[in-house]
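Residues per chain are reported as follows:
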Amino acid sequence: MENIELKRVLPQVFRGSEKEAPVKDSELWLRESVVFSRGHNYIIEAESGTGKSSLCAFIYGSRRDYEGRILFDGQDAAALSIDRWCELRRRSLAYLPQEMRLFPELTVMENVMIKNRLTDFRSGDEIRRMLSRLEIEGKAGERAGRLSVGQQQRAAIIRALCQPFDFILIDEPVSHLDARNNQAVASLIAEEAGRQGAAVIATSVGNKIRLEEFELMRL
Ligand SMILES: Nc1ncnc2c1ncn2[C@@H]1O[C@H](COP(=O)(O)OP(=O)(O)OP(=O)(O)O)[C@@H](O)[C@H]1O
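The notes below deal with the structure included here. Since the structure is predicted, the reported quantities are computational estimates derived from the model, not experimental observations. (Residues numbered from 1 in each chain as written. Predicted model: local features only at pLDDT ≥ 70, side-chain atom pairs only at ≥ 80, totals over all residues. Heavy atoms only, no water.)

Considering the overall build of the protein chain
Secondary structure summary: the protein chain contains six helices and nine strands in total. For a compact globule of 219 residues, the expected C-alpha radius of gyration is about 17 Å, and the protein chain comes in at 17 Å, within 12% of that figure. The principal-axis extent of the C-alpha atoms belonging to the protein chain is close to 50 × 35 × 30 Å. Within the protein chain, the fraction of its 219 residues that count as buried is 50%. Residue pairs at least 24 apart in sequence account for 76% of intrachain contacts in the protein chain once pairs closer than 6 positions are excluded. (Helix = DSSP H or I, 4+ residues; strand = E, 2+ residues; numbered from the N terminus. Rg over C-alpha atoms; globule rule 2.2 N^0.38 Å. Buried < 20%, exposed > 50% of the residue type's maximum accessible area, 1.4 Å probe, protein only. Contact = heavy atoms within 4.5 Å.)

Now the structure itself:
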């Protein structure tokens with residue numbers, strides 16, 4: 001997939017408040033055309049409650065409560081078959097939801113391997129190297145529910161990277177990370193996206209992922 005276009009998209013919850021914040025000043029909501037293209041990085045910055053997680057869920061297809069249209073290479077996402085959605089999520093769209101959705105009773109490695117067994121995308125060595133780069137290799141055998149939130153974010157990022165993608169949606173990926181870990185996460189994601197010629201779409205409520213080059217958009 002080369003591009004994702006939003007055409008006059010608005011969460012239904014904001015219907016009727018088009019002339020008020022956050023819709024009035026938004027660079028995304030209700031805009032005629034907003035295009036995200038492969039090979040570029042985007043950071044979508046906004047205050048809490050303005051719809052960052054909703055936007056990610058709309059693009060990922062896990063929520064449909066929006067008006068307007070989302071187009072994948074010109075095709076309306078709302079009209080895609082289940083098979084096409086499965087294919088897109090397997091090969092084109094990676095997603096790190098804000099709440100991470102790790103299985104708390106499973107270890108970090110089990111959480112990562114559940115995904116990787118489905119995609120068969122990473123070798124054991126690659127996974128160990130990613131754990132080590134994000135400094136959680138010592139937590140591989142620990143239950144995810146017993147990790148700090150920042151450690152869980154790093155585990156969930158590694159899991160999200162266990163698939164090929166054209167676009168990776170990462171919803172507030174570094175909200176609990178210090179500057180050094182933010183840098184480590186940013187360079188890992190940028191490297192993987194660069195290798196695949198993919199796009200990064202990251203949201204931020206303040207603590208931005210430290211990508212070197214990005215387009216900043218105000219939601
Ligand atoms: N599953 C849902 N269905 C319908 N409305 C929702 C849903 N989740 C959130 N909303 C509403 O959408 C609006 C935006 O919420 P959202 O979680 O997208 O904001 P956010 O910018 O990600 O906030 P935060 O930075 O606090 O995580 C809120 O008014 C919220 O009540």
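Once the structure has been displayed, the description carries forward.
Description of the sheet that holds strand β2 (residues 34–37)
An order of β2-β1-β4-β5 is seen for the four strands of this open sheet, with the pairing classed as antiparallel. Sheet topology places β2 and β5 (75–76) at the edges, where each strand pairs with a single neighbour. Of the pairings in the sheet, the one linking strand β1 (residues 3–11) to strand β4 (residues 66–72) comprises six bridges and is antiparallel in character. What sits directly across from Glu5, in β4, is Leu71. Running at roughly 125 degrees to β1, helix α1 (residues 52–60) makes contact with β1, β2 and β4 of the sheet. (Pairing = 2+ DSSP bridges. Axes fitted to C-alpha atoms, helices over the stretch in contact; angles between N-to-C directions.)

Quick word on the sheet that holds strand β3 (residues 41–45)
Taken in spatial order, the five strands make up an open sheet running β6-β7-β8-β3-β9, and their pairing is parallel. The open sheet is flanked by β6 (93–96) and β9 (215–218), the only strands paired with a single partner. In this sheet, adjacent strand axes meet at a mean angle of 15 degrees when their direction is disregarded. Taken together, the four bridges between strand β7 (residues 167–170) and strand β8 (residues 199–204) define a ladder with parallel strand orientation. Bridge pairing in β8 links Ile170 to Ala202. Strand contacts of helix α5 (residues 149–160): β6 and β7, with the helix running at about 170 degrees to β6, the strand carrying the most contacts.

As for the environment of Tyr42
As for its placement among the helices and strands, Tyr42 is situated in strand β3. Contact partners of Tyr42, with chain neighbours within four places excluded, come to Val35, Phe36, Ser37, Ala199, Val200, Ile201, Ala202, Glu215 and Met217. Within the structure, the side chain of Tyr42 is placed 2.7 Å from the backbone nitrogen of Ser37, a separation counted as a polar contact. (Polar contact = N/O pair within 3.5 Å; in protein donor to acceptor, adjacent residues only side chain to side chain.)

Remarks on the packing of aromatic side chains
The tally for this structure, following the rule as stated, stands at five aromatic pairs. Centroid distance Phe58 to Tyr66: 4.9 Å. Interplanar angle 45 degrees. Geometry classified as tilted. Centre to centre, the rings of Tyr60 and Tyr95 are 4.6 Å apart; their planes meet at 40 degrees, and the pair counts as tilted. Residue Tyr60 is located in helix α1, and its partner Tyr95 is located in strand β6; the two are separated by 35 residues in the primary sequence. What links up through ring pairs into an aromatic cluster is the set Trp29, Phe58 and Tyr66. Over the face of the ring belonging to Tyr60 we find Arg89, whose NZ or CZ atom lies 4.3 Å from the ring centre. (Phe/Tyr/Trp six-rings, centres within 6.5 Å; stacked < 30°, edge-to-face > 60°. Lys NZ or Arg CZ within 6 Å of the ring centre and 35° of its normal.)

Re the site of the ligand
Surrounding the ligand, one finds 13 residues, the nearest of these being Ser48, Gly49, Lys52, Ser53 and Ser54. Residue Gly49 places a main-chain N or O atom 2.9 Å away from an oxygen atom belonging to the ligand. Note that an oxygen atom of the ligand is positioned 2.6 Å from one of the side-chain N or O atoms of Ser54. Protein chains bury 61% of the 630 Å² of accessible surface belonging to the ligand in isolation. When grouped by side-chain class, the residues that make up the shell around the ligand number one nonpolar, seven polar and five charged. (Near = heavy atom within 4 Å. Areas by Shrake-Rupley, 256 points an atom, 1.4 Å probe, with all protein chains shown as cover. Nonpolar A, V, L, I, M, F, W, Y, C, P; charged D, E, K, R; others polar.)

Quick word on the nonpolar core
The biggest cluster of nonpolar side chains holds 38 residues, and the ones touching the most others in it are Leu161, Ile168, Ile170, Val185, Ile189, Val200 and Ile209. Sorting the residues of this core by element identifies β6, α3 (108–119), α4 (124–133), α5, β7, α6 (179–196) and β8 as the ones contributing at least two each. Ranked by the residues each element gives to this core, the list is headed by α6, at six residues. Not counting the four nearest positions on each side in its chain, Val185 is found in contact with Leu134, Arg154, Ile157, Val174, Leu177 and Ile209. Counting 35 residues, the second-largest nonpolar core is a separate cluster that includes Val34, Leu55, Ile59 and Ile70. (Core = buried A, V, L, I, M, F, W, Y, C linked by side-chain atoms within 4.5 Å.)

The values are spatial; any link to function lies outside them.
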